[in-house]
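Tertiary structure, described
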Amino acid sequence: MQWREIDGGKWPYRVSDQGNVQVLKNETWIDLSQFLHAGQAKVHLRGKDGRKRNTSVARLVAGAFIGPVGPNKCVLHRNRMKMDNAVENLIVVPKGKEN
């Protein structure tokens, strides 16, 4: 399993190529709980301002391992299973080209 750090949070975060998300607290990496929202796996991340935001695990994985996922792009699941956020299951496409 490979890990990449995620930029922009109050604390250091990292995401794996298999869709796991962790936060560094007291020099220990702790798994974040994922929850289902609108059929997708999400996690709560705290921004630098301390506010909690819901973030798509698929977008985190794609952004870390495939490349930037801007506001005009969508992350799709090749096998249509939205809880399977392994990098090999994800593809980034322009919005409007989801089909």
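Section: the nonpolar core
Of all hydrophobic cores here, the largest spans 19 residues; its most connected members are Val15, Val21, Leu60 and Val61. Mapped by element, the contributors of at least two residues to this core are strand E2 (13-16), strand E3 (21-25), strand E6 (40-46) and helix H1 (57-65). In terms of residue count, the dominant contributor to this core is H1 (seven residues). What valine 21 contacts, discounting residues up to four positions off in sequence, is Ile6, Arg14, Val15, Ile30, Asp31, Leu32, Gln34, Val43, Leu45, Val57 and Leu60.

As for the sheet that holds E6
Read across the open sheet, the three strands follow the order E5-E6-E7; overall the sheet is antiparallel. Every other strand in the sheet has two partners, leaving strand E5 (35-37) and strand E7 (52-56) as the edge strands with one partner each. The mean inter-strand angle of the sheet, taken between neighbouring strand axes irrespective of direction, is 50°. Across five bridges, the pairing between E6 and E7 is antiparallel. Across the sheet, the residue bridging to lysine 42 is serine 56, located in E7. Relative to the sheet, H1 contacts E6 and E7, its axis offset from that of E7 by approximately 70°.

Re the sheet that holds E3
What the four strands build is an open sheet, ordered E1-E2-E3-E4; its pairing is antiparallel. The strands lining the two open edges of the sheet, one partner per strand, are strand E1 (3-6) and strand E4 (28-31). Between one strand and the next, the sheet's axes are offset by a mean angle of 35°, whatever the strand orientation. Judged from the four bridges that link them, E3 and E4 form a sheet pairing that is antiparallel. Bridged to leucine 24 within E4 is tryptophan 29. Strands in contact with H1 are E1, E2 and E3; relative to E2, the strand with the most contacts, it is inclined by about 85°.

Looking at unusual backbone geometry
Phi is positive for alanine 38, which is not a glycine, with a value near 55°. Examined against the element boundaries, alanine 38 turns out to sit in the loop between E5 and E6. Located in the positive-phi region is arginine 80, a residue other than glycine, with phi close to 65°. Note on placement: arginine 80 falls in the loop between strand E8 (73-77) and strand E9 (90-94).

Overview of the environment of alanine 86
Position of alanine 86 among the secondary structure elements: in the loop between E8 and E9. By relative accessible area, which is 4% here, alanine 86 ends up buried. Among all residues touching alanine 86, those that are not within four sequence positions of it are Asp17 and Gln18.

About the thresholds
Residues numbered from 1 in each chain as written. Predicted model: local features only at pLDDT ≥ 70, side-chain atom pairs only at ≥ 80, totals over all residues. Heavy atoms only, no water. Core = buried A, V, L, I, M, F, W, Y, C linked by side-chain atoms within 4.5 Å. Buried < 20%, exposed > 50% of the residue type's maximum accessible area, 1.4 Å probe, protein only. Helix = DSSP H or I, 4+ residues; strand = E, 2+ residues; numbered from the N terminus. Contact = heavy atoms within 4.5 Å. Pairing = 2+ DSSP bridges. Axes fitted to C-alpha atoms, helices over the stretch in contact; angles between N-to-C directions.

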